[in-house]
Structure formats: structure tokens, C-alpha cells
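So you can see what is in the structure, the chains are spelled out below.
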Amino acid sequence: MKISGNNLFVTAMKKEGVDTIFAYPGGMVVNLLDALHDCHGINLVLPRHEQGLIHAADGYARATGKVGVCLVTSGPGATNLVTGIATANYDSIPLVCFTGQVPEHLIGNDAFQEVDIVGITRNVAKFVIMVRDREMLAQRIKEAFYIARSGKPGPVLVDLPTDVMAELGSTSYPTEVNIRGYKPNKGVHVGQLKKAIALMEEAKKPMFLIGGGVNLAHAQQDMKELAEKLDVPVITTVMGRGAISTEHPLYIGNIGMHGSYAANRTANECDLMFSIGCRFNDRVTGNVAKFAPNAKVVHIDIESAAISRNVTVDIPIVADAKAAIRKIIEHTKPMEHKAWIEEIKGWDKEHPLGMKVPVGVSPEHIIRTLNEVYADCDTIFTSDVGQHQMWASQYLKLDETHRLVQSGGLGTMGFGLPSAVGAKIGCPEKEVVSISGDGGFQMNIQEMATAVNQELPLVNIVFNNNYLGMVRQMQHLFHKKRYTITCLRYHKSCEGRCGTEGWECPEYSPNFVKIAEAYGTKGYLVTSNEQLKETIEKARAYATENRLPVIVECAVAPDELVLPMIRGGASFEDIIF
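Residues numbered from 1 in each chain as written. Predicted model: local features only at pLDDT ≥ 70, side-chain atom pairs only at ≥ 80, totals over all residues. Heavy atoms only, no water.

### Some points on the side chain of T521
Here comes step 1: Counting through the fold element by element, T521 comes out in the loop between α22 (512-518) and β19 (523-526).
Here comes step 2: Here T521 falls in the buried class, since its relative accessible area comes to 5%.
Here comes step 3: Separated by 2.6 Å, the side chain of T521 and the backbone oxygen of P549 make a polar contact.
Here comes step 4: Residues contacting T521, with those up to four places away along its chain left out, are M448, A516, Y542, L548, P549 and V550. (Helix = DSSP H or I, 4+ residues; strand = E, 2+ residues; numbered from the N terminus. Buried < 20%, exposed > 50% of the residue type's maximum accessible area, 1.4 Å probe, protein only. Polar contact = N/O pair within 3.5 Å; in protein donor to acceptor, adjacent residues only side chain to side chain. Contact = heavy atoms within 4.5 Å.)

### Things to note about the pattern of salt bridges
Here comes step 1: By the definition in use, this model includes 21 salt bridges.
Here comes step 2: Measuring nitrogen to oxygen at the nearest pair gives 3.5 Å for the salt bridge that ties K142 to E16. Pair noted here: K142 is in helix α7 (residues 137-149) and E16 is in the loop between α1 (5-15) and β2 (20-23), with a separation of 126 residues, a long-range link. No difference in accessibility class separates K142 from E16, as the two residues are buried.
Here comes step 3: Where D19 meets K66, a salt bridge forms, and the shortest distance between an N and an O atom there is 2.7 Å. A residue pair is termed long-range when its members are at least 10 positions apart, and D19 in the loop between α1 and β2 and K66 in the loop between α3 (50-64) and β4 (68-72) qualify at 47 residues.
Here comes step 4: With a relative accessible area of 26%, D19 lands in the partly exposed category.
Here comes step 5: Each member of the salt-bridge network shares a partner with another, and the members are D222, E225, K322 and R326. (Salt bridge = Lys/Arg side-chain N within 4 Å of Asp/Glu carboxyl O.)

### So, the sheet that holds strand β20 (residues 550-555)
Here comes step 1: Read from one edge of the open sheet, 6 strands run β16-β15-β17-β18-β20-β19, paired in parallel fashion. Each end of this open sheet is capped by a strand with a single partner; those strands are β16 (402-406) and β19. Sheet twist, expressed as the mean angle between neighbouring strand axes with direction ignored, is 20 degrees.
Here comes step 2: In terms of strand pairing, strand β17 (residues 431-437) meets strand β18 (residues 459-464) through 5 bridges, oriented parallel. Within the sheet, the bridge partner assigned to V433 lies in β18 and is V459.
Here comes step 3: Those strands touched by helix α23 (residues 529-546) are β17, β18, β19 and β20, and its axis lies near 175 degrees from that of β19. (Pairing = 2+ DSSP bridges. Axes fitted to C-alpha atoms, helices over the stretch in contact; angles between N-to-C directions.)

### Remarks on unusual backbone geometry
Here comes step 1: For the bond from S509 to P510, the omega torsion is 10 degrees, close enough to zero to count as cis.
Here comes step 2: Position of P510 relative to the elements: it lies in the loop between α21 (469-478) and α22.
Here comes step 3: Here the amide bond leading from L563 into P564 is cis, since omega sits at 0 degrees, within 30 degrees of zero.
Here comes step 4: You can see P564 is positioned in the segment after β20.
Here comes step 5: We note that N466 has phi near 70 degrees; this positive angle belongs to a residue other than glycine.
Here comes step 6: Checked against the element boundaries, N466 lands in the loop between β18 and α21.

### Quick notes on the nonpolar core
Here comes step 1: Membership of the largest hydrophobic core comes to 45 residues, with the highest contact counts inside it found for F22, L95 and F441.
Here comes step 2: Here this core gets 7 residues from one element, more than from any other, and that element is α3.
Here comes step 3: Setting aside its immediate chain neighbours within four residues, F441 contacts D384, L417, S436, M448, N460, V462, F512 and I551.
Here comes step 4: Counting 38 residues, the second largest nonpolar core, distinct from the first, contains I21, I141, V158 and L160. (Core = buried A, V, L, I, M, F, W, Y, C linked by side-chain atoms within 4.5 Å.)

See the structure below:
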């Protein structure tokens with residue numbers, strides 16, 4: 001018996017355990033969608049834009065630990081995935097993106113909705129391929145899922161010409177993958193590990209620097225056990241936050257551009273930096289020449305190319321974070337670093353995180369209220385990109401039941417809402433709260449319709465400071481308060497009058513409360529700290545009872561800054577309070 005490639009695709013999805021496909025229809029995938037029509041057990045989700053679609057698949061993957069699956073048509077359908085593919089690639093998120101393609105005989109002829117999506121995405125995906133042989137279709141799909149989830153996870157794109165998908169062929173689907181030249185490392189080099197442990201035993205001021213790799217490896221419990229056994233302080237990157245409970249006595253805070261004073265000073269003073277699952281990007285290190293000047297560096301990462309790329313290390317270890325942590329626990333004896341930890345705690349008291357806000361709603365209070373309202377339930381917070389993201393990473397309490405999903409490496413505005421959609425679809429039993437700024441929320445605001453139609457009780461917290469706040473902060477601090485195109489209330493009639501005596505700024509557009517009503521749900525406006533808790537509780541109750549997303553707009557003063565701050569390319573000694 002022979003079946004079409006479209007029907008084999010359905011078989012492949014079932015074999016791979018796919019329960020959700022984020023899809024947008026078009027001419028080059030309509031036959032594939034027809035094959036999926038009667039497929040029970042696979043939920044087809046229709047977002048309102050392909051960028052929203054892939055961010056939703058990304059949020060689904062981060063929340064569930066499964067591979068996120070996308071299906072779009074050729075041309076603009078495919079190119080609209082590019083930002084989402086790059087977002088997933090920077091943060092090592094397993095996605096398989098299927099794109100329809102024009103028939104093979106039209107490829108290269110500038111056919112309608114034809115683009116070389118394989119060429120376009122080659123540098124921003126883990127792997128890309130066009131399937132040109134019907135008999136290789138099953139093998140290529142199997143390989144795509146294997147590559148996406150193995151080793152350092154990442155997005156894979158598979159381009160599917162319609163004539164190949166229409167062709168009849170074998171019904172079989174492989175059970176194993178053997179890709180020549182792709183053999184992800186699964187072990188831990190014990191010799192290197194023992195060298196690293198010897199450094200730990202000698203160190204007087206050691207620290208763990210934990211990146212997103214520990215969260216991706218689901219090694220949070222293991223990390224807690226290791227830190228407690230060795231009595232070593234833990235500092236995280238923004239993506240590593242939550243790798244150990246933020247309330248744990250050994251947790252110091254985030255490192256880097258908007259990290260805490262204590263965390264950054266710990267990195268500056270330590271004699272051993274033991275890093276796991278961290279890329280040492282520029283937001284972490286600042287001026288590399290002055291980063292951790294007194295420390296020997298151990299670097300554990302699943303990707304060999306990441307080691308010594310930005311920071312030269314003393315002991316490199318290529319390994320999965322969870323496997324490495326288990327081995328360290330196995331080969332070490334309990335240690336104590338009480339005096340060192342007390343010294344660090346003193347730095348935290350010297351310059352604690354905190355904000356004094358005379359006008360509007362305090363960003364710190366918003367996050368601390370979310371901590372309070374969602375304290376007793378399993379919650380996934382998703383964040384857009386901007387000032388609100390940094391406030392969330394500073395003040396959110398994270399642990400095994402409270403997680404933060406965010407775009408770290410690429411810093412993609414518009415990620416928050418659609419990733420919350422994907423997270424809620426993947427984890428319907430959990431509370432999901434998206435945290436956005438007024439700029440980022442509008443970038444994919446159309447996904448409110450997706451959330452309404454999917455009956456998702458999401459609470460969307462929108463920090464509205466009337467500006468593109470993070471760039472405005474840079475303009476405020478480093479460009480003499482010249483706020484070029486960052487004011488979201490600016491109208492053409494403002495030109496030449498902004499800031500002059502008697503000039504009144506135009507009304508902010510849009511009205512988020514009315515936007516919520518236009519999507520058939522409710523919006524709430526909060527203008528003072530006193531309103532906040534009651535409003536969020538009311539919004540949460542309405543969302544749950546009606547199975548609808550809601551918007552809670554918080555009026556934040558435009559001049560609130562994320563502090564401390566270390567300017568890009570600067571060092572710890574240049575920290576701004």
C-alpha cells in the first residue's frame with residue numbers, strides 16, 4: 001500500500017507524539033491541512049500572524065519541555081517565521097517548523113509566493129533542509145525532531161514542495177536516527193570534572209554562575225542539591241533565574257547589566273567562577289578584560305563552540321548540565337564557605353534592590369503583588385522585552401512551581417503575549433500571566449483574538465509608561481535626555497512644541513481597556529498601588545470564570561529606570577545606582 005506524503009506527514013506527527021500544531025493556512029499547505037482534517041488527537045491552533053504563531057510554539061516548548069511544531073505556507077508565511085526561529089535558536093528551544101513550498105519545477109522561477117526559505121534561515125536555525133525525494137520524507141521528519149531536541153536544542157526548518165507531498169510512497173516511519181557527522185555528546189569527561197572539583201576544594205571565594213542551560217536540562221533540583229552540598233553562593237544570568245529558588249539563602253541574584261550589586265560584586269571578587277550552561281554574552285560580562293579579574297574559570301556547556309568563545313576558561317567541560325551536576329555531586333564531599341557568604345550578604349544589605357516611586361504605579365510593587373497573588377499556585381510568567389522584563393527578572397519569586405519564560409538572547413519584542421498563548425495551551429492546568437510593556441504588547445496584540453478563540457484564561461499585565469522605556473532609559477542616561485522616537489504619545493502636531501509651556505500631550509493611543517472590550521473581554525486600568533492587588537485578583541477571577549484573556553493596564557511613570565545598571569561595554573566599577 002502507498003500513501004501520499006501529506007498522509008505520511010500525519011503518521012509522522014502521531015509517531016513523534018505531537019499533540020499541538022500551530023498552523024496558518026495557505027496555498028502550498030492546503031492539501032496538508034486537508035490530510036490533518038480528520039486527525040484526532042492533534043490540536044490545530046490558528047494564531048493571527050505567523051510571528052505570533054512561532055512565538056506561541058516557542059512558549060509551548062518552553063512550558064512543556066516538548067518540541068514545538070509550526071506549519072505555514074510558502075513565501076510570506078515562511079518569512080514571517082524568521083524572527084521566531086532566531087529567537088528560539090539564541091535560547092536553545094526545540095522547534096520543528098514545516099513550510100510549504102512551490103512545486104519543484106517552479107523553484108527558481110520567481111513563482112507566486114516562492115522564496116528560498118532554506119537559504120534565508122540557514123544562519124539562524126540549528127538545521128534546515130528541503131525534502132526533494134518522497135521516499136526520504138519520513139527519514140527527514142524523524143531527523144528533524146531528533147536534531148531539534150538532542151544535544152543543544154534548537155529550531156529545525158523542513159521545507160516541503162507540494163509535488164513531493166502529493167506523491168505516493170511508502171507508509172513506513174523509522175524508529176531510529178543515525179546521522180553521519182551529528183553525534184551529540186551524552187557523557188561527562190570525569191578527568192576534566194575532577195580537575196574542576198580540585199579547584200573548588202582549593203577556592204576560598206567560589207561561586208556558581210548558572211545560565212539557561214540548567215533550566216533547559218530540568219536540573220533545578222540537582223542544582224539546589226549541589227549548591228547546598230558545597231555551600232557555594234549561586235548567581236544566575238537572566239535566563240538562568242529560577243535554576244535555584246530565588247528565596248534560597250544561597251541565591252544572591254542576577255549578574256550583568258541590570259543585575260544586583262551583590263551579584264556583580266561577587267563575580268568581581270570571587271577566586272573561582274564555576275559556570276554551568278551560560279554563554280558569557282556581553283550583557284553578562286560587560287568589559288571582558290575586567291570581568292571576574294581574580295577568578296579561575298570552569299565552564300560546563302553542552303556546546304563545545306560556546307566554551308572560551310567570549311571568556312577564556314581554565315577548565316572546559318563539554319556536557320549536559322544535569323549529567324555534569326549529578327557527577328559533581330557524586331565526586332565531592334560537603335564543604336563550607338560561611339565567611340564568604342556572610343561577606344556577600346553584607347554587600348546585599350549595603351545596596352539592596354528597591355525602588356522609590358512618587359508617581360503612578362511602582363514597577364516593583366506590580367511584580368511583588370504578582371508574587372503575592374500567585375504564591376500558592378503553579379504559575380508560568382511570560383515576559384516581553386524591555387524595562388518590565390528586567391523588573392520581572394529582579395523581583396519575581398521563582399522556584400519549581402513558578403517559572404519565567406522570556407526571550408533572552410535575541411531580545412524579541414512582541415514575544416510576551418503569544419508565548420503566553422502557547423504556554424497555556426501546553427499547560428492548561430497552570431496559571432499563565434504575561435508581563436508586557438505598552439510597546440511590546442502592541443507588536444503582537446492580534447494574538448488576543450487567538451487567546452479568546454482558544455478560550456484561554458490569561459492575565460496580561462501591561463506596564464504603560466507611554467514610552468519605549470528601555471531605549472528611553474539609554475537616552476535619559478547617555479544621550480542628554482534627547483528622546484528621539486521613543487514617545488508613544490507623539491503625534492505629528494507635537495513637532496516643535498514638545499515640552500514647551502502650555503503644550504498638552506495628546507491622549508495615549510490605543511485605550512487598552514477598550515481594546516480588551518473590542519476582543520470581547522475585559523480590561524482594567526490601575527493608576528495607584530492601592531488598586532493593584534484587588535484589580536489583579538478581580539481580573540484573574542473574571543478570566544477563570546469566563547475562560548477569556550484579560551488586560552490589566554498599569555500606569556507607570558515614564559521616568560522610572562531599571563537600576564542598578566552597568567552600561568554596555570563597561571565594568572562593575574562603573575555600576576550606576
